Amino acid sequence: MGAHSHSHDNIDWDAHLQRLRAADDFIAPDITEVVAKLLRPEDRSAIEIGAGAGGTAAILAKGLARNGDESQLTIVDTAEQLLAAAGERASDAAEGVTVRTVRADAAADTLAEEITGAGAPPQADLVYAAFVVHHLPDQLAGLRRLAGLVKPGGRLAVVEFGLQTRVLPADIGIGGPGLEARLISASEQWFQQMRTEMDDSVRLPMGWPKAMGEAGLVEATSFSYLIDRPAPLDESGRAAALRQLSMLRRDAEERLAAEDVAALDQLLDPDGEHYAGNRDDLYYLSANTVHVGTKPA
């Protein structure tokens, strides 16, 4: 792709990949610890659902390489550009691991067929899906579909939000104190509206471990990992905090007072005196939760 490559869906994939790669690099130490907890010494295969820019795939590939030769990693996504980038990054990360990319939709009942049709193993010792299932119209059906990709005795790991990310002091000196709490509330409202308006959306009125059991998995457990970068942040940390604030800007006008929107815009204005990127009191604190279920042997 060229320097200004756009795809038919009007996404500037070069810019998008750059942002995703920066996010991957920022949390790489934390995801490395997560994968170390999930991959058992005897595991020789993994399927990642949702490619991102390939940061997690690369970490999975390194873990599989340490486990032994002839390990296999399959990366599944709907976006060709992300798949290509993730496959390349994972292949570069570890020799001796066979990496395959499969363009398929985790919401489709043909998921398993698409994987086998691409020459990849139909099941794996570890199936890993981070921040994917909550985008599926029927989340329980999605969990059942993913559970079908797990070898007997293998495990499904689903990463979902734990505690909302925080980056700002309680009082930033412009607008009213408590801006971030109001932004987070608006974001949660956006998420519920997104779920409600999704075609064929089905509610999941239970916690993730219980849903794992409903999907046919046993010994469902959860653990959380903290992304904790205290102030003052380095350049990558400030960039991550700015990405978070930019995400909170989405649809802000529909749910926030004009004063709050104006304050957020000042924080995001690189030419303004209140630009958040120039602050030395930004931090990054977030907790995500990994839910793990085992396929009966």
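Below, the structure is looked at part by part. Counting restarts for each chain: residues are numbered from 1 in the order of the written sequence. In view of the model being predicted, local features appear only for residues whose pLDDT reaches at least 70, and side-chain atom pairs are presented and counted only at 80 or more, with totals across whole chains, interfaces and linings using the full set of residues. No hydrogens and no water enter the side-chain calculation; it runs on all heavy atoms of the structure.

### Points about the overall build of the protein chain
In step 1: Strands here mean DSSP runs of E at least two residues long; helices mean DSSP runs of H or I at least four residues long; both are numbered from the N terminus. Of the regular secondary structure elements, the protein chain holds 10 helices and 7 strands.
In step 2: Radius of gyration here is computed from C-alpha atoms only, and the compact-globule reference equals 2.2 Å multiplied by the residue count raised to the power 0.38. The C-alpha atoms of the protein chain give a radius of gyration of 20 Å, which matches the 19 Å a tight globule of 297 residues would have.
In step 3: Dimensions of the protein chain, computed from C-alpha atoms along their principal axes, come out at roughly 55 × 40 × 40 Å.
In step 4: A burial count over the protein chain gives 46% of its 297 residues as buried.
In step 5: Intrachain contacts of the protein chain at a sequence separation of at least 6 include 79% that bridge at least 24 residues.
In step 6: Only the protein chains shown count as cover for residues, and all accessible areas are computed by the Shrake-Rupley method using a 1.4 Å probe. Accessible surface computed for the protein chain: about 14400 Å², of which carbon and sulfur atoms make up 49%. Remark: exposure states derive from per-residue accessible area (1.4 Å probe, protein chains only) relative to the maximum for the residue type, with buried under 20%, exposed over 50%, and partly exposed in between. Whether two residues are in contact is decided by their heavy atoms: any pair within 4.5 Å suffices.

### Re empty space enclosed by the protein
In step 1: Computed over the protein atoms alone on a 1 Å grid, cavities are sets of points where a 1.4 Å probe fits but cannot get out and pockets are open sets with protein on both sides within 12 Å along at least five of seven lines; a residue lines them when it has an atom within 4 Å of a point. Grid points are joined across faces, edges and corners, and a volume is the space filled by probe spheres set on the points. Summed over the entire model, instances satisfying the criterion amount to 1 cavity of 30 Å³ or more.
In step 2: A volume near 70 Å³ is recorded for the largest cavity.
In step 3: Looking at the largest cavity, the residues that line it are Leu183, Ala186, Ser187, Trp190, Met247, Leu248, Arg250, Asp251, Ala252 and Arg255.
In step 4: Contributions of two or more residues to the lining of the largest cavity are made by helix H6 (179–197), helix H8 (235–249) and helix H9 (252–255).
In step 5: Top element by residues in the lining of the largest cavity is H6. It accounts for 4 residues.
In step 6: Amino acids are sorted into nonpolar (Ala, Val, Leu, Ile, Met, Phe, Trp, Tyr, Cys and Pro), charged (Asp, Glu, Lys and Arg) and polar (every other residue, Gly among them). Considering only residue class, the lining of the largest cavity consists of 6 nonpolar, 1 polar and 3 charged.

### Here's the deal with the pairing of strand E4 (residues 124–130)
In step 1: By the criterion of burial, E4 is predominantly enclosed, with 6 of the 7 residues buried.
In step 2: DSSP calls a pair of strands paired once it identifies at least 2 bridges connecting them. By the bridge criterion, 4 bridges tie strand E1 (residues 45–49) to E4 in an arrangement that is parallel. Residue Ala46 lies in a different strand from E4, and its bridge partner there is Leu126.
In step 3: Summarising the sheet, E4 and strand E5 (residues 150–166) pair through 6 bridges and their orientation is parallel. Each bridged residue has a counterpart across the sheet, and for Ala124 the counterpart in E5 is Val150.

### Considerations on the packing of H6 against helix H10 (residues 258–267)
In step 1: To get an axis, fit a line to the C-alpha atoms, keeping to the stretch in contact for a helix; angles then go from 0 to 180 degrees between the N-to-C directions. Interhelical geometry of H6 versus H10 gives an angle of 105 degrees and a closest axis separation of 11 Å. Classed by the angle they form, the pair H6 and H10 counts as roughly perpendicular. Touching Leu179, Arg182 and Leu183 of H6 are Asp260, Ala263, Leu264 and Leu267, all from H10.
In step 2: Taken together, the residues of the contact of H6 with H10 break down into 5 nonpolar, no polar and 2 charged. Every angle not falling under 35 degrees, over 145, or within 65 to 115 is termed oblique; those three ranges are roughly parallel, roughly antiparallel and roughly perpendicular.

### Here we look at helix H1 (residues 13–38)
In step 1: To estimate the expected span of a helix, subtract one from its residue number and multiply by 1.5 Å. Its 26 residues place the ends of H1 only 31 Å apart at the C-alpha level, less than the 38 Å of an ideal helix rising 1.5 Å per residue.
In step 2: The largest bend along H1 measures about 60 degrees and falls at Ala28, with the proline Pro29 one to four residues further on.
In step 3: Here H1 has its buried residues at Trp13, Leu17, Asp24, Phe26, Asp30, Ile31, Val34, Val35 and Leu38. Bend, in this description, refers to the angle at a residue between axes fitted to the seven residues ending there and the seven starting there.

### Considering the packing of aromatic side chains
In step 1: When two rings of Phe, Tyr or Trp (its six-membered ring) have centres within 6.5 Å they constitute a pair, described as stacked for plane angles under 30 degrees, edge-to-face for angles over 60, and tilted for the intermediate range. This structure, assessed with the given rule, holds 2 aromatic pairs.
In step 2: Pairing Phe26 with Tyr284 gives two aromatic rings, centres 5.0 Å apart and planes at 75 degrees, and the pair type is edge-to-face. Here the residue Phe26 occupies a position in helix H1, and Tyr284 occupies one in strand E7 (residues 284–294), the gap between them amounting to 258 residues. The residues Phe26 and Tyr284 share a single accessibility class, namely buried.
In step 3: Seen in terms of ring centroids, Phe131 and Phe161 are 4.9 Å apart; in terms of plane orientation they differ by 35 degrees. Their pairing is tilted. Placement of the pair is Phe131 in the loop between E4 and helix H5 (139–147) and Phe161 in strand E5, with a sequence separation of 30 residues.
In step 4: For Phe131, a relative accessible area of 25% translates into the label partly exposed.
In step 5: Seen from the ring of Phe26, Arg229 lies directly overhead, with NZ or CZ sitting 4.8 Å from the centre.
In step 6: A ring is scored as having a charge over it whenever the NZ atom of a lysine or the CZ atom of an arginine sits within 6 Å of its centre and within 35 degrees of its normal. Lying across the ring of Trp190, Arg250 places its NZ or CZ 3.6 Å from the centre.

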